[in-house]
Amino acid sequence: DDISQEAGLKQGLQKTLVIPISKTSRTPETVTHKEYFESLFKDPKINLPIREHMWLITDPGSQWDQEKERELRYIQFNGRSDIGGRFTSPSTAIFLLPLALTSPDLLEEVLLRAIEMNSGSKSGRYLEMGAELFARAKYFRQDKLTMLMPEELASLPLWAEQLFEESLGKKGKGITIFYGEDFNRPEVLEGSKDRVFLRVNLGGKKTNPALWAYLKENGYPVLEIDVKDA
């Protein structure tokens, strides 16, 4: 609907570039979106040159890789055999290409923040957290991560859920993500000794201070991140 609002569907699609990205070309959501837009561009009433409006990013050898010999534009970077997953942003072209196309003025800021977060003491903090989550899940059967978020970052667990439970959760591995629970009900915490609680504090303001004090006093495993801004 948004594409066709201005002057009709064809006019909107003339200004549209679609970049399906999948390592394996088997991710259902990405595949169906690709097929949907292909059908639009090929519709006899639209009939737009699809190579100008759809670029594919995928690993060599995947099904989409075979399509590069036919009608779709296939792009890969630096001659590498592995494009990296969607969650490798913001340090790979999977993230940087769409950003460069839509908001090139943000590129430098994003890259500088990535360098800062992955250098010195800050990178060590995240590595330590990852190691602790792994150890608690593997050795203590504490494989449920409850995320306590400030309102400004309330949607972050939705993104993390996909990362932890699917991308990292293949073959029986991974951690289950919990969020948005009503902790005013005592029964929520009953039998929760298999959980780890992660709190994110924003701009110096502590998230759920009363609950956090209760968790620490009662021996629940807790982790904490302080960030300057969203």
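Small disclaimer: the values here were computed from a predicted structure and weren't measured.

Draft legend 1. Focus on helix 8 (residues 209-217). Taken residue by residue, helix 8 has L211, W212 and L215 as its buried positions. Looking down the long axis of helix 8, one finds its buried residues gathered within 100° of arc, a one-sided arrangement. Across from the buried face of helix 8, at angles greater than 90 degrees, the exposed residues are P209, A210 and E217. Along its buried surface, helix 8 packs onto strand 3 (144-148), strand 5 (195-202) and strand 6 (222-227). Of the residues trailing helix 8, G219 is marked for its positive phi of about 75°.

Draft legend 2. The sheet that holds strand 6, seen in detail. Strand order in the open sheet made by the 4 strands is 4-3-5-6, with parallel pairing throughout. A single partner strand is all that each edge strand has here, and the edge strands are strand 4 (176-178) and strand 6. Sheet twist, expressed as the average angle between the axes of neighbouring strands with direction ignored, equals 25°. By the bridge criterion, 3 bridges tie strand 3 to strand 4 in an arrangement that is parallel. Within strand 4, the residue paired with T146 across the bridge is F178.

Draft legend 3. A nonpolar patch on the surface, seen in detail. Taken together, the side chains of F134, Y139 and F140 present a nonpolar region at the surface, about 400 Å² in accessible area. As for its placement among the helices and strands, Y139 is situated in helix 6 (residues 120-139).

Draft legend 4. The arrangement of the pattern of salt bridges in detail. Under the definition given, this model contains 12 salt bridges. In this structure, R195 engages E181 in a salt bridge whose closest nitrogen and oxygen atoms are separated by 2.7 Å. Here E181 lies in the loop between strand 4 and strand 5 and R195 lies in strand 5, a separation of 14 residues in the sequence. Linking D226 and K206 is a salt bridge whose minimum nitrogen-to-oxygen distance equals 3.5 Å. Here D226 is found in strand 6, whereas its partner K206 is found in the loop between strand 5 and helix 8, with 20 residues between them in sequence. In the salt-bridge network here, residues are joined through shared partners; they are R199, K206, E224 and D226.

Draft legend 5. Molecular detail of the environment of V18. Its place among the elements puts V18 in the loop between helix 1 (9-14) and helix 2 (28-42). Residues V18 and K34, spaced 16 residues apart in sequence, show a C-alpha to C-alpha distance of 8.0 Å. Discounting chain neighbours no more than four positions away, the residues touching V18 are F37, F41, H53, M54 and W55.

Draft legend 6. Quick peek at the pairing of strand 5. Most of strand 5 sits inside the fold, with 8 of its 8 residues counted as buried. Both faces of strand 5 are covered, namely the face carrying R195, F197, R199 and N201 and the face carrying V196, L198, V200 and L202. Judged from the 5 bridges that link them, strand 3 and strand 5 form a sheet pairing that is parallel. Bridging from a neighbouring strand, M147 pairs with L198 of strand 5. Pairing analysis gives 6 bridges linking strand 5 to strand 6, with the strands arranged parallel.

Procedures and definitions
Residues numbered from 1 in each chain as written. Predicted model: local features only at pLDDT ≥ 70, side-chain atom pairs only at ≥ 80, totals over all residues. Heavy atoms only, no water. Buried < 20%, exposed > 50% of the residue type's maximum accessible area, 1.4 Å probe, protein only. Helix = DSSP H or I, 4+ residues; strand = E, 2+ residues; numbered from the N terminus. Arc of directions from axis to C-beta. Contact = heavy atoms within 4.5 Å. Pairing = 2+ DSSP bridges. Axes fitted to C-alpha atoms, helices over the stretch in contact; angles between N-to-C directions. Patch = residues over 30% accessible without salt bridge, like charges linked within 9 Å, V, L, I, M, F, W, Y side chains within 5 Å. Areas by Shrake-Rupley, 256 points an atom, 1.4 Å probe, with all protein chains shown as cover. Salt bridge = Lys/Arg side-chain N within 4 Å of Asp/Glu carboxyl O.

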